Amino acid sequence: MKNSNLKKNKFPIINLLKNKIMATIIIPTPLRKFTNNTSRLEVKSATIEESIKELSLNFPDLKKHLLDDTGKLRSFVNIFVGDDDIRDLDNVHTKLSDNTVVSIVPAIAGGISDQTFTKEELARYNRHIIIPDFGLEAQKKLKSSKVLVIGSGGLGSPVLLYLAAAGVGTIGIVDFDVVDDSNLQRQVLFGVNEIGKPKVEAAKRRLESLNPHIEIKLYNTQLTSKNALEIIKDYDVIADGTDNFPTRYLVNDACLLLDKPNVYASIFQFEGQVSVFNYVNKDGERGPNYRDLYPTPPPAGLVPSCAEGGVLGVLPGIIGSLQASEVIKVITGVGEPLSGRFFIFDALNFETRTFKIKPREDNPVSGKNPIITALIDYEQFCGVKAVEKPIKEITADELYSWQVTGEKFQLIDVREPDEYEIVNIGAELIPLATVADNADKIDRDKKVVIHCKIGGRSAKAVRELEEKFGFDNLYNLKGGIFAYIDEVQPELSKY
């Protein structure tokens, strides 16, 4: 047996043959005080029984915690060889081989026992339990914790998968969407057999197949100011995987009002962001929140969503995994959560940056003189409900009627060239960023229909042309080319 923390020759019985490959014994935290605070020991023994005897000889105070008065292994001590309980092998006569990892797993105060973790769970979480400074205590915290994941899409998929696999005892999922084939490029929680089904139900089936030892609670509803506090209040940690500003500010403010840590992540095209908001550290100091970074949202429509601007399929997996890691750190107290720091990952250039952030006195919710003390109308706050000059719209069916009846009109597509190449309906391509520069190409003497993917960019183009150039003959295609495909030409491809 070799212990790097022991002085040379302190325990002469230990076999220190340097050229021999030895099995490794993982000593659990409660027993390390009997092994000079050593977490890993190497033994040269053929069987579990021989290993226990060698441990007992070299660490006499440890013996009584492993063996009873008759020399038998105590009933409250479990031993695993790799992932296998020795009771399912040859018990203490189980043979060891080179590089075998042996884990001693005793019952400890606070309820860690066979009644808390089943034999199957102990085997499942073995790779956690044998990590120094993690062990059973951290695993118990995971099992007793409740985490609410808001959104089960690109970010929610890896977060949910890894939290379920890690053994978080109760996981809540908030999402009101259904699985679409366009989701499958990045939302790895779902398969083609789930298309058209509610995401929360599909997620539940997948997570239960991954880990049947946890509880999944579903909220097949949109999170709003009316239901947010009631849904969030019973959870220990909130994981924000939302994809829009109203819900993001809603989650932030609800977490502040309910004193919940908020593990945040966001993605767009090639870039991702991660941070931990409203976290109270071991010294009782509260970290910053989303409003300390962004007190107010950008104007509606200025920042496109992933549906409009796209996202690299692998990026949610990278950022969502980091988000899940931060959730686990917050729950277990292991490591330093990303509180007070804002992490940015650029996948295109493979660059990372971490910025320091701090609470600000002018924060409207948590600052020195808060002006928001209850949840508000976040769609109005983010400008989604802002009163704007109405624009003329046309439905997909009406556009088709114009086409078949020979109505004179100009059709313009403001998407990007790559999108146009995937699918188009014969429109003239003028990307949104170039609309103002190409205003002279737009006819003023007949009707003009402008479309994009789902209607947002084309509405912006209509307003820009009307306000800057005085057009009064423009129509926005409601629902964009996707609505046209659904209602007129379902044989065309979506993306």
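Higher on the page you've got the structure.
First, a word on scope: everything that follows refers to the structure included in this document.

The rules behind the values
- Residues numbered from 1 in each chain as written.
- Predicted model: local features only at pLDDT ≥ 70, side-chain atom pairs only at ≥ 80, totals over all residues.
- Heavy atoms only, no water.
- Salt bridge = Lys/Arg side-chain N within 4 Å of Asp/Glu carboxyl O.
- Pairing = 2+ DSSP bridges.
- Helix = DSSP H or I, 4+ residues; strand = E, 2+ residues; numbered from the N terminus.
- Buried < 20%, exposed > 50% of the residue type's maximum accessible area, 1.4 Å probe, protein only.
- Arc of directions from axis to C-beta.
- Contact = heavy atoms within 4.5 Å.
- Phe/Tyr/Trp six-rings, centres within 6.5 Å; stacked < 30°, edge-to-face > 60°.
- Lys NZ or Arg CZ within 6 Å of the ring centre and 35° of its normal.
- Core = buried A, V, L, I, M, F, W, Y, C linked by side-chain atoms within 4.5 Å.
- Polar contact = N/O pair within 3.5 Å; in protein donor to acceptor, adjacent residues only side chain to side chain.
- Axes fitted to C-alpha atoms, helices over the stretch in contact; angles between N-to-C directions.
- Left-handed = near helix turned anticlockwise from the far one by under 90°.
- Nonpolar A, V, L, I, M, F, W, Y, C, P; charged D, E, K, R; others polar.
- Right-handed = clockwise from strand over helix to strand, strands pointing away.

Side note on the pattern of salt bridges
1) Next: Inspection of every chain in the model, using the stated rule, returns 18 salt bridges.
2) Next: We note a salt bridge from K233 to E230, for which the minimum N-O separation is 3.7 Å.
3) Next: In this structure, K494 and D486 form a salt bridge, with 2.8 Å as the shortest nitrogen-oxygen distance.
4) Next: Through salt bridges with shared partners, a single ionic network connects E230, K233 and D234.

Re the sheet that holds strand β1 (residues 23-26)
1) Next: With mixed pairing, the five strands of this open sheet are ordered in space as β2-β1-β5-β3-β4. At either end of the open sheet lies a strand with only one pairing partner, and these are β2 (40-43) and β4 (84-85).
2) Next: Sheet topology note: the β1/strand β5 (residues 101-106) ladder contains three bridges and is parallel. Counted as the bridge partner of T24 is V101 from β5.

Overview of helix α14 (residues 396-405)
1) Next: Turning to α14, its buried residues are A396, L399 and W402. Relative to the axis of α14, the buried residues are bounded by an arc of 120° and lie together on one face. In this structure, α14 carries V404 and T405 as exposed residues pointing more than 90 degrees from its buried face.
2) Next: The elements touched by buried residues of α14 are β14 (393-394), β15 (409-413), β17 (447-451), β18 (474-477) and α17 (480-487).
3) Next: Among the residues trailing α14, G406 stands out with phi positive, at a value near 80°.

Observations regarding the packing of aromatic side chains
1) Next: Using the criterion set out here, one finds 12 aromatic pairs in the structure.
2) Next: When the centroid spacing of 5.5 Å and the interplanar angle of 85° are considered together, the rings of W402 and Y475 count as edge-to-face. Taken as a pair, W402 in helix α14 and Y475 in strand β18 lie far apart in primary sequence, 73 residues in all. One exposure class covers both W402 and Y475, and it is buried.
3) Next: With 5.6 Å between their ring centres and 85° between their planes, F482 and Y495 make a pair best called edge-to-face. Of the two residues, F482 is situated in helix α17 and Y495 in the segment after α17; the sequence distance between them amounts to 13 residues.
4) Next: In textbook terms, an aromatic cluster arises when at least three aromatic residues are bridged by ring pairs, as seen for Y249, Y264, F277, Y290, Y294 and F342.
5) Next: Across the ring face of Y475, the terminal group of K392 is positioned such that the distance to the ring centre comes to 5.5 Å.
6) Next: Here the guanidinium or amino end of R444 rests over the ring plane of F471, the centre of that ring lying 3.9 Å away.

A look at helix α5 (residues 135-144)
1) Next: Every buried residue belonging to α5 is among G135, L136, A138, Q139 and L142, and all of these are buried. All buried residues of α5 fall inside an arc of 160° around its axis, so they share one side.
2) Next: Along its buried surface, α5 packs onto β5, α3 (119-124), α4 (126-129), α6 (156-166) and α12 (315-332).

Some points on the nonpolar core
1) Next: L163 and I171 are the most contacted members of the largest nonpolar core, which totals 43 residues.
2) Next: Counting residues per element, this core draws most heavily on α12, at seven residues.
3) Next: Residues contacting I171, with those up to four places away along its chain left out, are V147, V149, L160, L163, A164, I214, E215, I216 and K217.
4) Next: Counting residues in hydrophobic clusters, the runner-up holds 22 residues, among them I150, A228, C255 and F277.

Here's the deal with the environment of D413
1) Next: Within the secondary structure, D413 sits in strand β15.
2) Next: For D413, a relative accessible area of 0% corresponds to the buried category.
3) Next: C-alpha separation for the pair D413 and L429, spaced 16 residues apart in sequence, amounts to 4.8 Å.
4) Next: Ignoring sequence-local partners within four residues, the contact set of D413 consists of Y420, A427, E428, L429, I430, P431, H451 and C452.
5) Next: Of note is the side chain of D413, whose polar atom sits 2.7 Å from the side chain of R415.

Brief notes about the packing of α6 against helix α7 (residues 199-210)
1) Next: Where α6 contacts α7, the axes come no closer than 9 Å and their chain directions differ by 30°. Both α6 and α7 take part in a crossing whose hand is right-handed. Together, L160, L161, A164 and A165 of α6 and R206, L207 and L210 of α7 make up the contact between the two elements.
2) Next: By residue class, the composition of the contact of α6 with α7 is six nonpolar, no polar and one charged.

Considering the sheet that holds β15
1) Next: Spatially, the five strands line up as an open sheet ordered β14-β18-β17-β15-β16, and their pairing is parallel. Strands with a single pairing partner mark the edges of an open sheet, and in this sheet they are β14 and β16 (428-429).
2) Next: This element, helix α16 (residues 456-469), spans β17 and β18 of the sheet and lies at about 165° to β18.

Some words on the pairing of strand β10 (residues 262-268)
1) Next: Most of β10 is tucked away, with six of its seven residues classed as buried.
2) Next: Once the chain exits strand β9 (residues 237-240) it traverses helix α9 (residues 245-258) before rejoining the sheet at β10, and the crossover so formed is right-handed.
3) Next: Sheet analysis places β10 next to strand β11 (residues 271-277), joined by seven bridges and oriented antiparallel. Note that in β11 the partner of N262 across the bridge is F277.
4) Next: Following β10, the chain reverses through two residues before pairing antiparallel with β11; Q269 in that reversal takes a positive phi of roughly 55°.

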